[in-house]
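As a plain string of letters, each chain reads:
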Amino acid sequence: MMNVVGLLFVPLLLAPGVLTLESNRAEHDYYKYHPMEKISTWMTQMEKDHPDVVTIVDYGKTYENRTISLLRIGLKTEAKKKAIWMDCGIHAREWIAPAFCQYFVRQILQTYKTDAKMEAMMTNMDFYITPVLNIDGYMYSWKDNSTRLWRKNRSPGPSGGCYGTDLNRNFDANWGTVGVSSDCSFNIYCGRGPISEPEAQAVTYFVGSRKEDFLCFLTIHSYGQLLLVPYGHPNFTAPNYEELMNVGKGAAEAIWKVHGKNYTVGTSPDVLYANSGSSRDWARMQDIPLTFTFELRDNGTYGFELPEDQIQPTCEEAYHGALHIITYAHDKTFSGAAAAAAATLWTMLLAVGVSGANLL
C-alpha cells in the first residue's frame, strides 16, 4: 500500500509548477491598480527574475522619508550607454500612470529575447523607469474615498495649515511664472521655491548629473489623451519644436492604430493650458532633445478614476506611442553614428590608397 501511494505521489511532485516556490507566488496582475506595497514587491521580483538586465536603483527620499527607486533595464556591455527616462505617478491620483510603467517594463522584458530591434535598443541604451515618483501622495490617495483624488506630495505648506506641493510645478523651468498658485491650499501650488521638494530634487540630481546620456525623457500622466511637447510657458519655444511635433504626431498615429483612440499633439498652452515648473520643460532645458508628457485616457468621462477594464487597452496603445518615440531616439543616435563611423573608416582607407578593387 505504501508503495502504491509513493508511486502516485512521485508524478505529483514532478508535475510542472506543483509544490514549487513558483506556484506559491501569485502572478502579478498588470490589469489591476496596485497599492505601493505591491508595486515595491513587484519591483523586487523583476530584479530577481531578470538579474542579467534589471537592477533596482535607489535615488532619493520623499518628504515622509520613503525611498524613491527606479528599475534600470538594459543588457550589460563594456561600452558607455545612452539612456531613456520614464517616470510615472508624479501626480498621486493618476493611477493609470503607474499601471502603465509596470506594463511597459513587462513588455520590454518579454520582447528583447525574440525581437532584434528591442535587443539592439537594450544593448545601446539603458531604460530608467520610476513606477511611482510621488510615493507619499500615491499612498495617501489609497487611504480612503476622501483622499482618492489627492494630487500633490505630502510636505507641509509655509503656514502649516495645508499640505502638498504640485511636483510638476516645482522644477526649475520658468518656475512660478504661469499656471501656478502661491497658495498651498491649491492643487497647483508650486512650492516655496524651485526644486524645494525632495522628490523634484531626486530627479533633478539623478538626471541632471548624467544629462548627456539621456536621449529621451517621458513623464506619464492622465488624463486627456494628449502628447505634450515643451514648453508650458507660451513665450518660449523649444529649439527642435518641429522635430518634437513630427515625432509626437508619429507616436499619436501609432497609438491610434491600436484601438482607434485619438491623441492630440502640441505644447501645453496650445492644447491644454499654460504652466511652468514641469519636469518635461526642465528636461528639455537640460538639452535632453526628446521630452514628452503623455496624458493617458480618457477624455473626462471617468477622469482620474479610469475603470480597471480600461487599463489593458490604455497600456497597449500608450506602449506603441512610447515605443515610437524611443525607437526614433535610438535610430537617430545609433544609425547616424554607424554611418559616420563608416564614412570615417572609408576616408582613412582612401588616405592610405585602399580602393574598392583592393578590398575585393
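Note that this is a predicted model, so its numbers are computed, not measured. (Residues numbered from 1 in each chain as written. Predicted model: local features only at pLDDT ≥ 70, side-chain atom pairs only at ≥ 80, totals over all residues. Heavy atoms only, no water.)

(A) Looking closely at the overall build of the protein. Counting its regular elements, the protein contains 12 helices and 8 strands. The buried share of the protein, taken over its 360 residues, is 51%. Considering only contacts in the protein between residues 6 or more positions apart, those separated by 24 or more positions represent 74%. (Helix = DSSP H or I, 4+ residues; strand = E, 2+ residues; numbered from the N terminus. Buried < 20%, exposed > 50% of the residue type's maximum accessible area, 1.4 Å probe, protein only. Contact = heavy atoms within 4.5 Å.)

(B) Broad picture of the sheet that holds strand β8 (residues 290-296). Judged by pairing direction, the sheet is mixed, and its 8 strands sit side by side in the order β1-β2-β4-β3-β5-β8-β6-β7 without closing on themselves. Edge positions in the sheet fall to β1 (54-61) and β7 (264-267), since each has one partner strand and no second. If you compare each strand with its neighbour and ignore which way they point, the axes differ by 20° on average. The sheet contact formed by strand β6 (residues 226-229) and β8 spans 3 bridges and is antiparallel. Each residue of the ladder has a partner; that of Leu228, found in β8, is Thr293. The strands that helix α5 (residues 116-124) touches are β2 (67-73), β3 (82-88) and β4 (125-130); relative to β4, the one it contacts most, it runs at about 85°. (Pairing = 2+ DSSP bridges. Axes fitted to C-alpha atoms, helices over the stretch in contact; angles between N-to-C directions.)

(C) Representation of the pattern of salt bridges within the structure. Overall, the coordinates contain 13 salt bridges when judged by the stated rule. A salt bridge links Asp136 to Arg66, with the nearest nitrogen and oxygen atoms 2.8 Å apart. Here Asp136 is found in helix α6 (residues 135-141), whereas its partner Arg66 is found in the loop between β1 and β2, with 70 residues between them in sequence. The residue Asp331 makes a salt bridge to Lys117 at a minimum N-O spacing of 2.4 Å. With Asp331 in helix α11 (residues 311-351) and Lys117 in helix α5, this pair connects stretches of sequence that are 214 residues apart. A relative accessible area of 34% places Lys117 in the partly exposed class. Three or more residues joined by partner-sharing salt bridges are found here, namely Glu64, Arg66 and Asp136. (Salt bridge = Lys/Arg side-chain N within 4 Å of Asp/Glu carboxyl O.)

(D) View of the pairing of β8. Here β8 lies mainly inside the structure; 7 of its 7 residues are buried. Burial along β8 is two-sided: Leu290, Phe292, Phe294 and Leu296 facing one way and Thr291, Thr293 and Glu295 facing the other are all buried. Sheet topology places strand β5 (residues 214-222) next to β8; 7 bridges connect them, and they run parallel. The partner of Cys216 across the bridge, within β8, is Leu290.

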